[in-house]
Structures are given as structure tokens and as C-alpha cells.
Amino acid sequence: MQMIRDRAYPDEVVKKGGGKKGAGGGGAGPDRPVDISRLDLRVGVVISAEKHPDPSVSSLYVEKVDIGEKEPRTVVSGLAKHLTLEELRDRKVVLLCNLKPANMKGVRSEAMLLASSKDESVEPLDPPPDSKPGDRVYVDGYQHDVAGEPDAVLNPKKKIFEQVQADLLVNSDCVAEYKGEPLRTTVGVVKVRTLTSAGIK
């Protein structure tokens, strides 16, 4: 699958830390710090959403999501108890795109849709309205540069996402943050609609 990497970050953003190129993706060498720059986060648009074909997993939806690649990605998400299919279709979302694909009850999921979660409430992250499919989602101070592209595929044994996730939160203004800095695209910040002081998963 062709990877789209033609959307640059602002020139003034400087990545914290460094790293050497190594196996597992650009900048994924042993000296590279574990931070949000390891994650390939992109804006997607849900072009279709259906119930999972296995009736025993009523909590799962299967979506086709445009992230600016030649073909949409298939994404399985546990949103059926929180959003209707109509609320999900045509919605802009934030996807984690460099997880190892996983079989979810017979459907291959090629990315993870990020959402805020608090108590029993779950809301997908909302990219800025003017963002486009494939736009990178980043945090100022953690830019991907020549030596620090996101990992091609996150090594599940290293639990990189789990370590980064501990510092992903929605603040009191519904803004998604990493270590107190907002997640953003070049046209604005990532938010949620109503949840505050919530985790992100």
C-alpha cells in the first residue's frame, strides 16, 4: 500500500530529541526517545461504516476511511455503543496508521481510530474542520525530520503506543493534548465535542 507523505510540518517546529535510522522505520533506532513523534497520526474521513458482520460482536463497527492513500483503509472500532452509523459516516477522524494490522473477529483492521474516553462516554477526536484526508497530526516540539519519521510499523513488543498514551489527554477546553501541548494539523488544533479531562485511546 502506497504511503502518502507529501504534507509537510511547519518549518518552525523542532523535534525534541533525536535518533538514528534503524529497523522498524525511520528514526526507530535504539537511541530514539519514545514520544508522540513515533506515531503516524493522520486525518481521515469515514467514507462508509457498517456493523461488524459477526453478530456476536455487536459493539464493533467496520469503517472504510480515506487517509489520502490510493485506497481507503479498513478500520474496526468499538464505537457501536456510542455513535450511530449515521453519526460516523462522513465524519473526519484521527487515525493511528502505523500499528501492525490486526484481525478483529475475521476482519483485518489497518489502523486505529482515536477517541476520548471518560466513564461510560466515548467521543472520536475531531480534526480541524479545514483539514484534509492524509493531513499529519503532530505536536509542536515533536516534529518528524529526516532522522525522525514515524516508525514504519510500531513494534507491539515495545508497547510504544501504550507508553505515549499515558500522556494523551483531553483538557478542560476539549482540546486533545500530549504532555500539555495540543495535537494539531497545519490548520488548527484537534478537539472533541463535549468531553473534558478525559483520556485518549
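Residues numbered from 1 in each chain as written. Predicted model: local features only at pLDDT ≥ 70, side-chain atom pairs only at ≥ 80, totals over all residues. Heavy atoms only, no water.

1. Looking at the pattern of salt bridges
By the definition in use, this model includes ten salt bridges. For aspartate 151, the salt bridge goes to arginine 32, with nearest N and O atoms at 3.6 Å. Linking aspartate 151 in the loop between strand 10 (138-139) and helix 2 (160-165) with arginine 32 in the segment before strand 1 (41-51), this pair joins segments that are 119 residues apart in sequence. Exposure remark for aspartate 151: the relative accessible area of 3% places this residue in the buried category. Where arginine 89 meets glutamate 50, a salt bridge forms, and the shortest distance between an N and an O atom there is 3.5 Å. In this pair, arginine 89 sits in the loop between helix 1 (85-88) and strand 4 (92-96) while glutamate 50 sits in strand 1, placing the two residues 39 residues apart along the sequence. (Salt bridge = Lys/Arg side-chain N within 4 Å of Asp/Glu carboxyl O. Helix = DSSP H or I, 4+ residues; strand = E, 2+ residues; numbered from the N terminus. Buried < 20%, exposed > 50% of the residue type's maximum accessible area, 1.4 Å probe, protein only.)

2. Section: the nonpolar core
In this structure, Ile36, Leu39 and Leu183 are the most contacted members of the largest nonpolar core, which totals 26 residues. Broken down by element, this core gets its largest block of residues, three residues, from helix 2. Ranked by size, the runner-up nonpolar core spans 17 residues in total, among them Val46, Tyr61, Ala111 and Leu113. (Core = buried A, V, L, I, M, F, W, Y, C linked by side-chain atoms within 4.5 Å.)

3. A word on the pairing of strand 13 (residues 181-185)
Relative to strand 13, strand 10 runs antiparallel, the two sharing two bridges. In the sheet register, tyrosine 138 faces strand 13, and the bridge partner there is arginine 184. Pairing of strand 12 (residues 176-178) with strand 13 involves two bridges; the strand directions are antiparallel. By the bridge assignment, tyrosine 178 is partnered in strand 13 with glutamate 181. With antiparallel pairing between neighbouring strands as the criterion, strand 12 and strand 13 make up a hairpin whose turn holds two residues, including lysine 179 at a positive phi of roughly 50°. (Pairing = 2+ DSSP bridges.)

4. A few points about the packing of aromatic side chains
The tally for this structure, following the rule as stated, stands at one aromatic pair. Their ring planes at 80° and their centres at 5.3 Å tell us that tyrosine 142 and tyrosine 178 sit as a pair that is edge-to-face. You can see tyrosine 142 sitting in the loop between strand 10 and helix 2 and its partner tyrosine 178 sitting in strand 12, a full 36 residues away along the chain. Across the pair, exposure class does not vary: tyrosine 142 and tyrosine 178 are buried alike. (Phe/Tyr/Trp six-rings, centres within 6.5 Å; stacked < 30°, edge-to-face > 60°.)

5. Topic: the pairing of strand 4
Summarising burial for strand 4: four of the five residues are buried, a large majority. In this sheet, strand 4 lies alongside strand 1 in antiparallel orientation, the contact comprising five bridges. Across the sheet, the residue bridging to valine 43 is valine 94, located in strand 4. Relative to strand 7 (residues 112-113), strand 4 is paired through two bridges, and the arrangement is antiparallel. Note on strand 7: the bridge partner recorded for leucine 96 is methionine 112.

All we've got here are geometric facts, nothing functional implied.
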